[in-house]
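Report on the structure
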Amino acid sequence: MELQNIEHIGIAVKDLQVSIKFYEEVLGLKCYKIEEIEDQQVKTAFFKVGNTKIELLESITPDGSIAKHIEKRGEGLHHIAYAVDDLRAALREAESKGIQLIDREPRKGAEGLNIAFLHPKSTQGVLTELCEKPKE
Ligand code: ZN
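Residues numbered from 1 in each chain as written. Predicted model: local features only at pLDDT ≥ 70, side-chain atom pairs only at ≥ 80, totals over all residues. Heavy atoms only, no water.

**So, the overall build of the protein chain**
Within the protein chain one finds three helices and eight strands. When the helices and strands of the protein chain are listed from N to C terminus, the series reads β-α-β-β-β-α-β-α-β-β-β. For 136 residues, the compact-globule estimate of 2.2 N^0.38 gives 14 Å, and the C-alpha radius of gyration of the protein chain, at 15 Å, lies within 12% of that figure. When the backbone C-alpha atoms are referred to their principal axes, the protein chain occupies close to 45 × 30 × 25 Å. Burial status across the protein chain gives 44% buried among its 136 residues. Taking contacts inside the protein chain between residues at least 6 apart in sequence as the whole, the part at least 24 apart equals 51%. Counting only carbon and sulfur atoms, one obtains 52% of the accessible surface of the protein chain, whose full area is about 7,800 Å². Taking the average place of the 19 positive charges on the side chains of the protein chain and the average place of its 24 negative ones, the gap between the two points comes to 2 Å. (Helix = DSSP H or I, 4+ residues; strand = E, 2+ residues; numbered from the N terminus. Rg over C-alpha atoms; globule rule 2.2 N^0.38 Å. Buried < 20%, exposed > 50% of the residue type's maximum accessible area, 1.4 Å probe, protein only. Contact = heavy atoms within 4.5 Å. Areas by Shrake-Rupley, 256 points an atom, 1.4 Å probe, with all protein chains shown as cover. Lys, Arg positive; Asp, Glu negative; His and termini not counted. Charge placed at Lys NZ, Arg CZ, Asp CG, Glu CD.)

**Describing unusual backbone geometry**
Backbone geometry places Q41, a non-glycine residue, at a positive phi of 55 degrees. Relative to the elements of secondary structure, Q41 occurs in the loop between β2 (31-37) and β3 (42-49). Since its relative accessible area comes to 31%, Q41 is described here as partly exposed. Positive phi outside glycine occurs at E111, with the angle close to 65 degrees. Positionally, E111 belongs in the loop between β6 (107-108) and β7 (114-118).

**A few points about the environment of E129**
Considering the arrangement of structural elements, one finds E129 in strand β8 (residues 128-132). In this structure, the C-alpha to C-alpha distance between E129 and I54, residues 75 residues apart in sequence, is 13 Å. What E129 contacts, discounting residues up to four positions off in sequence, is H8, E55, H79, I80, A81, Y82, I115, A116 and F117. Here the side chain of E129 touches H79 through a polar contact of 2.8 Å, side chain to side chain. (Polar contact = N/O pair within 3.5 Å; in protein donor to acceptor, adjacent residues only side chain to side chain.)

**Side note on the confidence of the model for the protein chain**
This prediction gives the protein chain a mean pLDDT of 95; 99% of its residues lie at or above 70. Mean pLDDT values for the elements of the protein chain range from 91 in β6 up to 98 in helix α1 (residues 16-26). (pLDDT = per-residue confidence, 0-100.)

**Let's talk about the pairing of strand β4 (residues 52-59)**
For a regular strand, the rule is simple: side chains alternate between the two faces of the sheet. Across the eight residues of β4, eight count as buried, placing the element largely inside the fold. Burial of the side chains of β4 extends over both faces: T52, I54, L56 and E58 are buried on one face and K53, E55, L57 and S59 on the other. Two elements, β3 and β4, share eight bridges in a ladder whose sense is antiparallel. Each bridged residue has a counterpart across the sheet, and for F46 the counterpart in β4 is E55. Connecting β3 to the next strand, β4, in antiparallel fashion are two residues, including G50 with a positive phi near 55 degrees. (Pairing = 2+ DSSP bridges.)

**Here we look at the pairing of β7**
The element β7 is largely enclosed, with a buried count of five among its five residues. Side chains N114, A116 and L118 of β7 all project onto a buried face; the interleaved residues I115 and F117 project onto the opposite face, where all are buried too. Two elements, β6 and β7, share two bridges in a ladder whose sense is antiparallel. Among the inter-strand pairings, R107 is bridged to a residue of β7, identified as I115. Where β6 folds back onto β7 in an antiparallel hairpin, the turn is made up of five residues, including E111, whose phi is positive at roughly 65 degrees. Summarising the sheet, β7 and β8 pair through five bridges and their orientation is antiparallel.

In structure tokens:
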């Protein structure tokens, strides 16, 4: 498959406000959007760094996947998201190469993107997201 760029890096945090302060006041980035994604039980904050983004993820429920991740591994890197031109084709290709998919079909993610995750069991422990801009 052909990856276009690292679309974003997802980081699990306990407290969005505390983390936003670090990214703004220490790293000098600007949070341009806070978005709640009901479907994934997360609240996200976005920052641009060149043509990549940082996506901070805070759980909005005590038993959401981000809450569980933090419980098990603490705060920190959660996933890497690559931009692809054709998400469905990329998923079929990964599947044909024996990669375990979390999402067999694209679903709606933050920022209006179509997204799908590859299972970390198949990706040496790195939760890998593929995302595509919706076609007009
Ligand atoms: Zn993501």
